[in-house]
Amino acid sequence: MSYLADTDPEIASIIHKEFERQRDGLELIASENLVSRAVLEAMGSIMTNKYAEGYPGKRYYGGCEFHDMAENLARDRLKALFGAEHANVQPHSGTQANMAVYFATMKLGDLMLSMKLSQGGHLSHGSPVSFTGQFYRVSQYGVDPRTETIDYGAVEEIARKERPTMIVCGASAYPRTIDFRAFQEIADGVDAYCMADIAHIAGLVATGLHPTSVGVTDFTTTTTHKTLRGPRGGAIMCNTEYAAMVDKAVFPGMQGGPLMHTIAAKAVCFKEALRPSFKEYNRQIIKNARAMAESLMEQGLRLVSGGTDNHLILIDLTDRGITGLEAEQALGRAHITVNKNTIPNEQRSPFVTSGLRVGTPAVTSRGMKEEEMHQIGEYIGKILKDIHNEPLIRKIGEDVRSMAARFPLYPD
Ligand code: DSN
């Protein structure tokens, strides 16, 4: 930190303040996590100094021999982790990974069938405000209004009627198991491609705690920084038959030079994820989510679909008469970081919402277990019952800081 503090004290101070925020609070944003020191070190390394456009063995620049070694390790480890035939580790993010698969398979104006954003999907799955909604025609499925889970029969019906080129599955706010095989079968029945975006649940899939999409759906995309606990970035997996078209779509199709420091850090993350302890970690993420769901329900809160199978929980605040925005802000004042989220049949704007999304990957990385989850559920419940009670919020904020202090961010 001393070089940074000497050169740019403003940024050094901002980073330090952010470190304190992470250290002193509880990070419950379902898509965030805390990476290892080894991942941080690789990301902050001199691998950032080099251009390496192309792929290992076929670069447009000299001096790439060590970058080839790093990218090959990252690819091989990712393939081993998920049992994939082919892996591309260059996408800068999950949206870029999705973009590459779309560019590889669809022409402008083709039809995509995907999950509604307001019911758990993602911006890059066809939202009108993303390139996907502007480059492609989009038809969408949601969840069954009664069970709040995906109705595969209804998806099939839309697919048969609309005949999409691509069916997208996977979600960013869906607390239940996804049947990737059912999606591929629906796609096969209408001659469509099928892409599973497993960004949120990648760690659970890698460790066999959620059924896999790899080798099941035509394409699997992911981020590397959520339950996989690696650097911020994306990746694509597919069978060998699609390898060339995916690689071409990533580079030169839509990206330039790969972020080699991030690719080195991805390799480190995949190595860590291949260890038996990573399975234990993901098992605990799920146990923690269940414990927190129970605690929230004991507090009288309604959970979308009645609970969770994975790392996240969606709270419906409708009967509380408060918005997701108000709830996010009140919890934030107690150092509990969550995000407002739309819920099925949302009546409010995405900037306000009627729901909250809560996830356990980051607090599990700090070593917290079921006991702490029960306690956090109580904190959330108490604040949501009385969100204008500032003394209560302050008191809970102090308790949160003491809990956080018992589980240091980087103990060593
Ligand atoms: N922003 C991520 C999430 O929170 O789910 C998805 O891109």
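What you are looking at is a predicted structure, and each value in this text was computed from that prediction instead of being measured.

Peer 1: Hey, could you go over the overall build of the protein chain for me, with residue numbers and the actual values?
Peer 2: Secondary structure assignment for the protein chain yields 16 helices and 15 strands. In terms of overall dimensions, the protein chain has C-alpha extents of about 60 × 60 × 35 Å along its principal axes. Considering the protein chain as a whole, with its 412 residues, one finds that 56% of them fall into the buried category. Sequence-distant contacts, at least 24 apart, represent 72% of the contacts inside the protein chain between residues at least 6 apart. Between the mean site of the 44 positive side-chain charges and the mean site of the 49 negative ones, the protein chain shows a separation of 1 Å.

Peer 1: Go over helix α11 (residues 260-273), please, and point to the residues and values.
Peer 2: One turn of an α-helix holds 3.6 residues; hence residues three or four places apart share an orientation. Helix length check: α11, at 14 residues, gives a terminal C-alpha distance of 20 Å against a target of 20 Å (1.5 Å per residue), a fit within 8%. Most of α11 sits out of view: 12 of its 14 residues are buried. Burial in α11 covers these residues: Met-260, His-261, Thr-262, Ile-263, Ala-264, Ala-265, Lys-266, Ala-267, Cys-269, Phe-270, Glu-272 and Ala-273. In this fold, the buried residues of α11 make contact with α3 (37-43), β3 (58-59), α4 (65-82), β10 (234-238) and α12 (276-298).

Peer 1: Please give an account of the site of the ligand that cites residues and values.
Peer 2: Every residue near the ligand is listed here: Ser-31, His-122, Ser-172, His-200, Lys-226 and Arg-357. Interatomic distance of 2.7 Å between a side-chain N/O atom of His-122 and an oxygen atom of the ligand. His-200 places a side-chain nitrogen or oxygen 2.7 Å from an oxygen atom of the ligand. Expressed as a share of its isolated accessible area of 230 Å², the protein-covered part of the ligand is 62%. A majority-of-atoms criterion places the ligand in the second largest pocket.

Peer 1: Residues and numbers for the state of the cysteines, please.
Peer 2: All told, the structure shown has 0 disulfides when counted by the stated rule. A disulfide-free cysteine, Cys-194 has its sulfur positioned 4.2 Å from the sulfur of Cys-169, the nearest such atom. Under the relative-accessibility criterion, Cys-194 is labelled buried at 0%.

Peer 1: Outline the sheet that holds strand β15 (residues 355-359), supporting the account with residue identities and numerical values.
Peer 2: Read from one edge of the open sheet, 4 strands run β11-β12-β15-β14, paired in antiparallel fashion. This sheet does not close on itself; its edge strands, each paired only once, are β11 (302-303) and β14 (339-341). Across the sheet, α12 is in contact with β11, β12 (312-316) and β15; its angle to β12 comes to roughly 15°. Across the sheet, helix α13 (residues 324-333) touches β14 and β15, and the angle it forms with β15 is around 45°.

Peer 1: How would you explain the side chain of Ser-213 if you had to name every residue and give the values?
Peer 2: Structurally, Ser-213 can be placed in the loop between α9 (202-206) and β9 (219-223). Ser-213 sits in the buried class, given a relative accessible area of 0%. Every residue in contact with Ser-213, bar those within four places of it in the chain, is listed here: Phe-180, Ala-196, Ile-198, Val-205 and Thr-220.

Definitions and limits used
Residues numbered from 1 in each chain as written. Predicted model: local features only at pLDDT ≥ 70, side-chain atom pairs only at ≥ 80, totals over all residues. Heavy atoms only, no water. Helix = DSSP H or I, 4+ residues; strand = E, 2+ residues; numbered from the N terminus. Buried < 20%, exposed > 50% of the residue type's maximum accessible area, 1.4 Å probe, protein only. Contact = heavy atoms within 4.5 Å. Lys, Arg positive; Asp, Glu negative; His and termini not counted. Charge placed at Lys NZ, Arg CZ, Asp CG, Glu CD. Expected span 1.5 Å × (residues − 1). Near = heavy atom within 4 Å. Polar contact = N/O pair within 3.5 Å; in protein donor to acceptor, adjacent residues only side chain to side chain. Areas by Shrake-Rupley, 256 points an atom, 1.4 Å probe, with all protein chains shown as cover. 1 Å grid on protein atoms, 1.4 Å probe; cavity = no way out; pocket = protein on both sides within 12 Å on 5 of 7 lines; lining within 4 Å. Sits in = over half its atoms within 2 Å of the grid points. Disulfide = S-S within 2.5 Å. Pairing = 2+ DSSP bridges. Axes fitted to C-alpha atoms, helices over the stretch in contact; angles between N-to-C directions.

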